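# Chains, contacts and geometry: an overview
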Amino acid sequence: MSHATHPEVHVEPELSFWRKYIFSQDHKVIGIQYALTSLVMAVIGGILAMVIRLQLGWPGTRWPLLGSLFPGGAPGGLVSPAFYLASVTMHGTIMIFFVLTTLLTGGFGNFLIPLMIGARDMAFPFLNMLSYWLYPPALLVLLASFFVEGGAAGGGWTAYPPLSALPQAAPGSGLGQTLWLISLAILIVAFLFGSLNYITTVLQLRTRGMSMLRLPLTVWALFVTALLSLFAFPVLLAASIMLLFDRLGGTSFFVPAGVLIGSQAVDHRGGNPLLWQHLFWFLGHPEVYVLILPPMGMVSDILANNARKPIFGYRFMVASIVAIGFLSFLVWGHHMYVSGMHPLLGTAFMTTTLIIAVPSAIKTFNWLATLYRGRIRFTTPMLFALGFLSLFVTGGLTGIVLGQPPVDIYMHDTFFVVAHFHFVMGLAAIFAAFAGTYYWFPKMFGRMMDERLGKWHFWLSFVGAYATFFPMHYLGFRGMMRRIYTYTLYERLAGLQPINAFISVAAFVLFAAQFIFLYNFFASAVRGRRAEVNPWGGTTLEWQAPSPPPHGNWGPTLPTVYRWAYDYSPPGAREDFLPQTAPPVEAAVPGDGQRRGREGH
C-alpha cells in the first residue's frame, strides 16, 4: 500500500475565481460540476420521456403547447413519427451516458474517493479537470443534433446498423446520427481520463492505515467501476470510429452487400451488422454494472449508517463486487439471442447470465441481514436506499427471466424489457443517486437538505415509479412492441390505450415530483440548516473533514486509519459508532488481570 508521509505540511495556494470554481482542479468542485451538469441533462431527458408518454398515452392527439415548444418535431401539436423515434433514442442516450454515468462516476466518484481514502485530491488533478471539460462539448454536440436537417438520431440508443450506418436510411440517420457518434466518442475519452485517475488514486494515495480491506464499499464499487470503464469503453470508442468511417469514409465494416434503400442498392459490401452488436454489447453489459455498482456501494454505506449496525459479510460484499465486475464481461451475448445465435452459444451466455445473479443475490441478502434487528432511522437517505433495494430486486427477478433464450426470444422486443431495464438500471440507480445526494449533501455544501420535502419527494417518486413501470410488464405479455409509434393501428393492441393513459399520468406525477427535489437542492444549498461535521454519525473518513472540506481536505496533517469502515454500535463505546480514525482502546479484561487492546478490523 502507498500512502503519504506523516506529518505533512499542506500549504493552501491562493487561486483566482476562475481557477477555483470554473477551471478547478479540486476534486470536490469537479464532482459538483459533474453533478450539476448531469441534473440539467436529466431535466432534458425527462422532458423527452414526457413527449414519449404523451404519444403513447393518447396516440394521434394534438397538444398545442407541444407544437409551440417543438414546432419542427410536433407541427400543429401532433408528435411526428421521426420526432418520436428521435425522442426515444435521445432519451435513452442522455439518461444512460449523460446522466447516470456522469453523475454516479463523475459526480460521486470525484467528490468521495479522495475524501474516503484520506487523500488531498486525485492523483492527476489536471487530467481530472480535463475529464470534466470534455463533458460540456460532448453534450453540446449531442443537443445540436436536434437542430440539423433530418433531426436527431432516431435509430435507438444502441445505434444498430444499417440505420445508423447509412445517412439516407431514415430521417434520423442523417447528420444527427453523425453528431451522436462524435458526441459519444468525446464523452468516452472523458470517461477514460476519469477511470485512469480513480484507479491510480485508490491504489497510490490511500492514507496511513487505509488497507484495501478497510476501504468503504463505496470506494470498492467505484474502483471496480473504473476498471470496467477502462476495459469496456475503448471497445465502443473503436466501434464508433469504425461506424463513422462507414458513414463518411466509404468503408463497410457494418454494412453488407445487397442493402436496398428505395429500390436503390447502396454502394457497400463485405460488412456485417452483427459485428456492431458484438462490439456495442461488449461495452453495453459492463455499462449496466458501471451504472449499478456505485449505487450498490453507496447504498451499503447508507444502510449500515442508518441501521446503526456493521455491514453484514464485508469480505463477501467486496468479493461480490469483484465477481460482478469480472462476470459482466462474459454475458453480452444475452442481448443478442434473436440475432440467429447458435443455441449452444446461447446456452453458454444463459449460464453466465444466471451465474452473475449469485453475487447480486449475496449482496441483497447481506443488505437484509444488515437491516435485521437494526435500530433503523428512516431518514430521507435511508428511504431512498430502501427504495433502491426494492427496485433492484424487482428488476433483478425479471432479469433472471429474460436471461433464458426461450423466454427472451418471445419477450425481446416488448415492453416487458422496457420495464425490466428501467427497474434494474434506471430507477434503482436514480434512487441510489438520490440517497447519496441527501446523505452527502451536508459534506458538499455545509448545509442540510429539508427532510420534510425529502420525504414528500421519496414517496411521490416511489409510488410514481411503480405505477409507471410495473404495468409495462403486462403490456409486454400482451405483445406491445418497444419503440412503436402508434400501437392502436393493431387491433390486438388497441385495447391497451387505457393502461397506457394510466402509465402516462403516473409518469407525469413522477416527473413533477423531481421538481420538489430540485427546489430542495438549490434552496438548501443557499439557506438550509447549517450542518455539523458529522450529522449522520458516520464512521468513514469524509465525516472527519470539515463541512464543506477546504482545498486539500485535511488541513496540515492527513488522517490515520485504525479500523474498518463499519464500527457501528461497538460494545462498551460511549457513542454508537467509532470513526476509522479512532485508535484502538485499551480495555480491562475482567478476571485475568491483564489489559487487551480492542483492535480495528
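Worth saying up front: this structure is predicted, and the values here are computed from it rather than measured.

### A word on the overall build of the protein chain
Summing up its helical and strand segments, the protein chain has 19 helices and 4 strands in all. Principal-axis analysis of the C-alpha atoms gives the protein chain an extent of 95 × 55 × 50 Å. For the protein chain, the proportion of its 601 residues judged to be buried stands at 58%. Sequence-distant contacts in the protein chain: of pairs separated by 6 or more residues, those separated by 24 or more amount to 78%.

### Notes on the nonpolar core
Considering soluble globular proteins, one finds that nonpolar side chains tend to be buried as a cluster. In terms of nonpolar packing, the biggest core is built from 179 residues, with Phe 97, Phe 98, Phe 388 and Trp 440 touching the most fellow members. For this core, the element with the most residues is helix H4 (residues 81-117), which contributes 21 residues. Here Phe 388 is in contact with Ile 292, Pro 295, Met 296, Val 299, Trp 367, Ala 428, Phe 431 and Ala 432, once residues within four sequence places are set aside.

### Observations regarding the environment of Glu 287
Note on placement: Glu 287 falls in helix H9 (residues 273-307). Note: C-alpha distance between Glu 287 and Phe 329 (42 residues apart in sequence) is 9.9 Å. Discounting chain neighbours no more than four positions away, the residues touching Glu 287 are Ile 96, Phe 97, Thr 101 and Phe 233.

### Overview of helix H8 (residues 217-248)
Given 3.6 residues to a turn, an α-helix orients residues that are three or four positions apart in the same direction. Counted at 1.5 Å a residue, the expected span for H8 with its 32 residues is 46 Å, and the 45 Å between its end C-alpha atoms agrees. Once H8 ends, the next one or two residues include Gly 250, with phi positive near 85°.

### So, unusual backbone geometry
Geometrically, the link from Pro 161 to Pro 162 is a cis peptide bond, its omega value of 10° lying close to zero. Here Pro 162 is to be found in the loop between helix H6 (135-144) and helix H7 (175-204). For the bond running from Ser 547 to Pro 548, omega is -5°, close enough to zero to count as cis. For Ala 159, which is not glycine, the phi dihedral falls at a positive 55°. With respect to the secondary-structure elements, Ala 159 resides in the loop between H6 and H7. Here Ala 159 falls in the buried class, since its relative accessible area comes to 0%. Even without being a glycine, Arg 483 presents a positive backbone phi close to 65°. The residue Arg 483 is located in the loop between helix H17 (471-477) and helix H18 (491-494) in this model.

### Comments concerning the packing of H9 against helix H15 (residues 415-445)
Axis angle and axis distance: for two packed helices, these are the angle between their axes and the distance between the axes, and together they describe the pair. Direction vectors running N to C along H9 and H15 enclose 40°, while the axes themselves pass 9 Å from each other. The orientation of H9 with respect to H15, classified from their angle, is oblique. In the crossing of H9 with H15, the sense of the turn from one axis to the other is left-handed. Across the interface between the two elements, Val 288, Leu 291, Ile 292, Pro 295, Met 298, Val 299, Asp 301, Ile 302 and Asn 305 of H9 pack against Val 424, Met 425, Ala 428, Ala 429, Ala 432, Ala 433, Ala 435, Gly 436, Tyr 439 and Trp 440 of H15. Its residues placed into classes, the contact of H9 with H15 shows 16 nonpolar, 2 polar and 1 charged.

### Observations concerning empty space enclosed by the protein
In total, this model carries 4 cavities of 30 Å³ or more according to the counting rule given. Estimated volume of the second largest cavity: approximately 120 Å³. Lining the second largest cavity are 17 residues, with Thr 105, Gly 106, Phe 191, Gly 194 and Tyr 198 sitting closest to its centre. Broken down by secondary-structure element, the contributors of at least two residues to the lining of the second largest cavity are H4, helix H5 (125-133), H7 and H8.

### A closer look at the packing of aromatic side chains
Per the counting criterion, the structure on display carries 58 aromatic pairs. Ring centres of Trp 367 and Phe 388 lie 5.7 Å apart, and the angle between their planes is 80°; this geometry places the pair in the edge-to-face category. A residue pair is termed long-range when its members are at least 10 positions apart, and Trp 367 in helix H12 (residues 357-371) and Phe 388 in helix H13 (residues 380-402) qualify at 21 residues. A single burial state applies to Trp 367 and to Phe 388, both of which are buried. Judged by centre distance (4.8 Å) and plane angle (65°), the rings of Phe 434 and Phe 517 are edge-to-face. Linking Phe 434 in helix H15 with Phe 517 in helix H19 (residues 497-527), this pair joins segments that are 83 residues apart in sequence. Relative accessible area serves as the criterion here: at 3%, Phe 517 is assigned to the buried category.

### Remarks on the packing of H13 against H15
Look at H13 against H15: their axes get within 8 Å of each other, and the N-to-C directions meet at 160°. The orientation of H13 relative to H15 falls into the category roughly antiparallel. For the element pair H13 and H15, the recorded crossing hand is left-handed. Looking at the contact of H13 with H15, its residues break down into 19 nonpolar, 8 polar and no charged.

### Some words on the confidence of the model for the protein chain
Put simply, the protein chain has an average pLDDT of 92, and 95% of its residues get 70 or more. Ranking the elements of the protein chain by mean pLDDT puts strand S4 (residues 595-598) last with 43 and helix H16 (residues 451-469) first with 98. Segment residues 1-7: pLDDT under 50, and 22 contacts once partners within four positions in sequence are set aside and those in other chains are kept. Segment residues 588-600 is flagged for pLDDT under 50; beyond a separation of four residues in sequence, or across chains, it makes 19 contacts in the model.

### Here we look at the pattern of salt bridges
Across all of its chains, the model carries 5 salt bridges by this definition. Note that Asp 267 is salt-bridged to Arg 269, the shortest N-O span being 3.9 Å. Exposure class is identical for Asp 267 and Arg 269. Each is exposed. The closest approach of N and O atoms between Arg 308 and Asp 576, which form a salt bridge, is 2.9 Å. With Arg 308 in the loop between H9 and helix H10 (314-327) and Asp 576 in the loop between H19 and strand S3 (585-588), this residue pair connects regions lying 268 residues apart in the sequence. Salt bridges sharing common partners tie together Arg 308, Arg 375 and Asp 576.

### Describing the side chain of Ser 360
Tracing the backbone through its elements, the reader meets Ser 360 in helix H12. Taking relative accessible area as the criterion, Ser 360 reaches 11% and is therefore assigned buried. Beyond its immediate chain neighbours, meaning those up to four positions away, Ser 360 contacts Met 296, Ile 324 and Phe 392.

### A short note on H6
Taken residue by residue, H6 has Tyr 135, Pro 136, Ala 138, Leu 139, Leu 142 and Leu 143 as its buried positions. Down the axis of H6, the buried set is contained in an arc of 160°. They therefore lie on one face. For H6, the elements touching its buried residues are helix H2 (27-57), H4, H5 and H7.

Analysis parameters
- Counting restarts for each chain, with residues numbered from 1 along the sequence as it is written.
- Totals for whole chains, interfaces and linings use every residue, but because this is a predicted model, local features are given only for residues with pLDDT of at least 70 and side-chain atom pairs only at 80 or more, for both listing and counting.
- For side-chain calculations, the full set of non-hydrogen atoms in the structure is used, while hydrogens and water are omitted.
- Elements are defined by DSSP. Helices are runs of H or I of four residues or more, strands are runs of E of two residues or more, and each kind is numbered from the N terminus.
- Each residue's exposure class comes from its accessible area (1.4 Å probe, protein chains only) as a fraction of the maximum for that residue type: buried when under 20%, exposed when over 50%, partly exposed otherwise.
- The contact rule is simple, with two residues in contact once any of their heavy atoms fall within 4.5 Å.
- For our purposes a nonpolar core is just a set of buried Ala, Val, Leu, Ile, Met, Phe, Trp, Tyr and Cys residues, chained together by side-chain atoms within 4.5 Å.
- Expected helix span is taken as 1.5 Å per residue step, with the number of steps being one fewer than the number of residues.
- Helix axes are fitted to C-alpha atoms over the stretch in contact, other axes to C-alpha atoms as well, and angles between N-to-C directions run from 0 to 180 degrees.
- Note on terminology: angles under 35 degrees are roughly parallel, angles over 145 are roughly antiparallel, angles of 65 to 115 are roughly perpendicular, and the others are oblique.
- Handedness of a crossing follows from how the near helix is turned relative to the far one, being left-handed for an anticlockwise turn of less than a right angle and right-handed for a clockwise one.
- Residue polarity follows a fixed list, in which Ala, Val, Leu, Ile, Met, Phe, Trp, Tyr, Cys and Pro are nonpolar, Asp, Glu, Lys and Arg are charged, and the others, Gly among them, are polar.
- A cavity, in this analysis, means grid points on a 1 Å lattice covering only the protein atoms where a 1.4 Å probe fits yet has no way out; a pocket is instead an open set bounded by protein on both sides within 12 Å along at least five of seven lines, and a residue lines either one if it has an atom within 4 Å of a point.
- Grid points are joined across faces, edges and corners, and a volume is the space filled by probe spheres set on the points.
- To pair, rings of Phe, Tyr and Trp, with the six-membered ring standing in for Trp, must have centres within 6.5 Å; the planes then decide the type, stacked if under 30 degrees apart, edge-to-face if over 60, and tilted in the middle.
- Looking at any residue, its pLDDT shows the predictor's confidence there, from 0 to 100.
- Here a salt bridge means any side-chain nitrogen of Lys or Arg lying within 4 Å of a carboxyl oxygen belonging to Asp or Glu.
- Think of it as the arc spanned by the lines of direction from the helix axis to the C-beta atoms.

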